[in-house]
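Summary of the model geometry
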Amino acid sequence: SVQLPALRACWPGGGSGPVLVPCRGLGSSARSAREDSWLKSLFVRKVDPRKDAHSNLLAKRETSSLYKLQFHNVKPECLEAYNKLCQEVLPKIHEEKHYPCALVGTWNTWYGEQDQAVHLWRYEGGYPALNEVMSKLRQNKEFTEFRKERGNMLLSRKNQLLLEFSFWNEPVPRDGPNIYELRSYQLRPGTMIEWGNYWARAIRFRQDSNEAVGGFFSQIGQLYMVHHLWAYKDLQTREDIRNAAWHKPGWDELVYYTVPLIQEMESRIMIPLKISPLQ
């Protein structure tokens, strides 16, 4: 290994700033200790103390709901049959009191990834409710057949378990017709609290037209993911509402500070199926 010389500060020639030059006369042990201390200082990073997980700090406390977001990429030739099958089976799960879950919304992607279905479920009671529903569905022969038939129509699928931000609107059924935008953000790890702090203020700029449906962050699946769900009458209304936000003092500043927290982002424009509570 290369041994670094010990350094001391001096002001040669009466200059106003220090210049680092080798120090003479230091013992080898003292010199080694100083070198170790200097090298360690390059890598030591202070950590801000945090007393709780960001899921507890950012999620709604008055409810214990857990959300599941499903993405199904369907074979193009099967999309119509897939939608028909879902419209036959999913309402039975949604309406059956035996299952502590509810279908929040179900859509086909219009702009974005094509031939894709998106489903959002709420589990009343968190993880125990999720486990209860999954256990009961495994014993449901109709659902078992549904999954088998559905699987033959899919190219791929993925899901995430989510919590809802405390400051966002509660996603409740709404009349249509509407189009929906799902904006998904992959944040830099460690920035979820910062994102939440900014959006707790930013959401007030987006309430005038009742477009804010729900805001969620991932717990299982792809982590440090945020999803914002919006409703608009049409694409032009979406454009008008988004442009209007820039004329409100403070919106530009919040966008400026949140953009550096993002690694990737994606926008889907979605059309609800007939069975979707969000129309």
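Model, not experiment: these values are computed from the prediction.

Topic: the sheet that holds strand β4 (residues 101-111)
Across a sheet, strands are paired by hydrogen bonds formed along the backbone, either parallel or antiparallel in direction. Strand order in the closed barrel made by the eight strands is β3-β5-β4-β10-β7-β9-β8-β6, with antiparallel pairing throughout. Taken pair by pair, the neighbouring strands of this sheet meet at an average axis angle of 35 degrees, ignoring direction. Two strands pair when backbone bridges link them, and strand β3 (residues 66-74) and strand β5 (residues 116-123) are joined in this way by eight bridges, in the antiparallel orientation. The partner of K68 across the bridge, within β5, is W121.

Let's talk about the confidence of the model for the chain
In this model, the chain carries a mean pLDDT of 85, and residues with pLDDT of at least 70 account for 78%. The low-confidence segment residues 1-26 (pLDDT under 50) makes 33 contacts with residues lying over four places distant or belonging to another chain.

Some remarks on the pairing of strand β10 (residues 262-272)
Sheet topology places β4 next to β10; four bridges connect them, and they run antiparallel. Looking at the pairing, W107 lines up with P272 of β10. Here strand β7 (residues 179-187) runs beside β10; their pairing, made up of eight bridges, is antiparallel. Residue pairing across strands places Y185 opposite M265, the latter belonging to β10.

Digging into the packing of helix α6 (residues 192-202) against helix α8 (residues 251-258)
α8 packs onto α6 with a crossing angle of 165 degrees between their chain directions and a minimal axis gap of 10 Å. Considering the angle they form, α6 stands roughly antiparallel to α8. Considering the relative orientation of α6 and α8, their crossing is left-handed. When α6 is examined against α8, the residues W195, Y198, W199, R201 and A202 are found in contact with a partner set consisting of W251, L254, Y257 and T258. When the residues that make up the contact of α6 with α8 are grouped by side-chain class, the tally is seven nonpolar, one polar and one charged.

Considerations on the side chain of R174
For R174, the position within the fold is in the loop between β6 (154-164) and β7. Here R174 sits buried without a salt bridge, and the closest side chain of opposite charge, E211, lies 7.5 Å off (N-O distance). Excluding anything up to four places from it in sequence, R174 contacts Y180, N210, A212, V213, A231, P277, L278 and Q279.

Some points on the environment of V259
With respect to the helices and strands, V259 occurs in the loop between α8 and β10. For V259, a relative accessible area of 46% gives the class partly exposed. Taking the C-alpha atoms as reference points, V259 and W195, separated by 64 residues in sequence, lie 9.5 Å from one another.

Let's talk about the packing of aromatic side chains
By the definition in use, this model includes 16 aromatic pairs. By the ring-pair criterion, three or more aromatic residues cluster together here, those being W168, Y185, W195, W199, F205, W230, W246 and W251. The aromatic ring of F71 is capped on one face by K158, whose charged end is 5.6 Å from the ring centroid. Directly above the aromatic system of W230 lies the positively charged group of R206, at a separation of 4.1 Å from the ring centroid.

Things to note about helix α3 (residues 79-95)
The first and last C-alpha atoms of α3 sit 24 Å apart over 17 residues, in line with the 24 Å expected at 1.5 Å per residue. Roughly 30 degrees is the biggest bend found in α3, and it falls at Q87, with proline P91 one to four residues downstream. Among all positions of α3, only L79, Y82, N83, L85, C86, V89, L90, P91 and I93 are buried.

Some details on unusual backbone geometry
Each neighbour pair has its own omega, and for G176 with P177 the value is 5 degrees, a cis peptide bond. In this fold, P177 is placed in the loop between β6 and β7. Residues other than glycine seldom take positive phi values, yet N210 does so here, at roughly 60 degrees. Structurally, the position occupied by N210 is in the loop between α6 and β8 (212-220). Phi angles above zero are rare outside glycine, and Y224 is one such case at about 55 degrees. Counting through the fold element by element, Y224 comes out in the loop between β8 and β9 (225-232).

Regarding the side chain of Q70
Relative to the helices and strands, Q70 resides in strand β3. Under the relative-accessibility criterion, Q70 is labelled buried at 10%. In this structure the side chain of Q70 is engaged in a polar contact, spanning 3.2 Å, whose partner is the side chain of W121. Those residues in contact with Q70, other than ones at most four positions away along the chain, are A117, V118, H119, W121, K158 and N159.

Conventions used here
- For every chain, the first residue of the written sequence is number 1, and numbering continues from 1 along that sequence.
- Residues qualify for local features only when their pLDDT is at least 70, as the model is predicted, and side-chain atom pairs are given and counted only at 80 or more; totals for whole chains, interfaces and linings, by contrast, use all residues.
- By convention in this description, side-chain values take in all heavy atoms of the structure and omit both hydrogens and water.
- For two strands to be treated as a pair, DSSP must find no fewer than two bridges joining them.
- Each helix is a run of H or I in the DSSP string that is no shorter than four residues. Each strand is a run of E no shorter than two, and both are numbered from the N terminus.
- Each axis is a line fitted through C-alpha atoms, taken for helices only over the stretch in contact, and angles between the N-to-C directions span 0 to 180 degrees.
- What pLDDT reports is the predictor's confidence in each residue, on a scale of 0 through 100.
- By the convention used here, residues are in contact when the closest approach between their heavy atoms is within 4.5 Å.
- The scheme is simple: roughly parallel for angles under 35 degrees, roughly antiparallel for over 145, roughly perpendicular for 65 to 115, oblique for anything else.
- Here is the rule for handedness: rotate from the far helix to the near one, and if that takes an anticlockwise turn smaller than a right angle the crossing is left-handed, while a clockwise turn gives right-handed.
- In this classification, Asp, Glu, Lys and Arg are treated as charged, Ala, Val, Leu, Ile, Met, Phe, Trp, Tyr, Cys and Pro as nonpolar, and every other residue, Gly included, as polar.
- Each residue gets one of three labels from its accessible area relative to the maximum for its type: buried under 20%, exposed over 50%, partly exposed in between, using a 1.4 Å probe on protein chains only.
- When charges are counted, neither His nor the chain ends are considered; positive counts come from Lys and Arg and negative counts from Asp and Glu.
- Each salt bridge in this description consists of a side-chain nitrogen of Lys or Arg and a carboxyl oxygen of Asp or Glu lying within 4 Å of one another.
- Here is the rule: rings of Phe, Tyr and Trp (six-membered ring for Trp) pair when centre to centre is within 6.5 Å. Planes less than 30 degrees apart are stacked, more than 60 are edge-to-face, and the remainder are tilted.
- The criterion is that NZ of a Lys, or CZ of an Arg, lies within 6 Å of the ring centre and within 35 degrees of the ring normal, and then a charge sits over that ring.
- By this rule the span expected of a helix is its residue count minus one, scaled by 1.5 Å.
- Axes are fitted to the seven residues ending at a residue and to the seven starting at it; the angle between these axes is taken as the bend at that residue.
- Counting of polar contacts relies on pairs of N or O atoms within 3.5 Å, with two restrictions inside protein: one atom must be capable of donating a hydrogen and the other of accepting it, and residues adjacent in sequence are counted only when both atoms are side-chain atoms.

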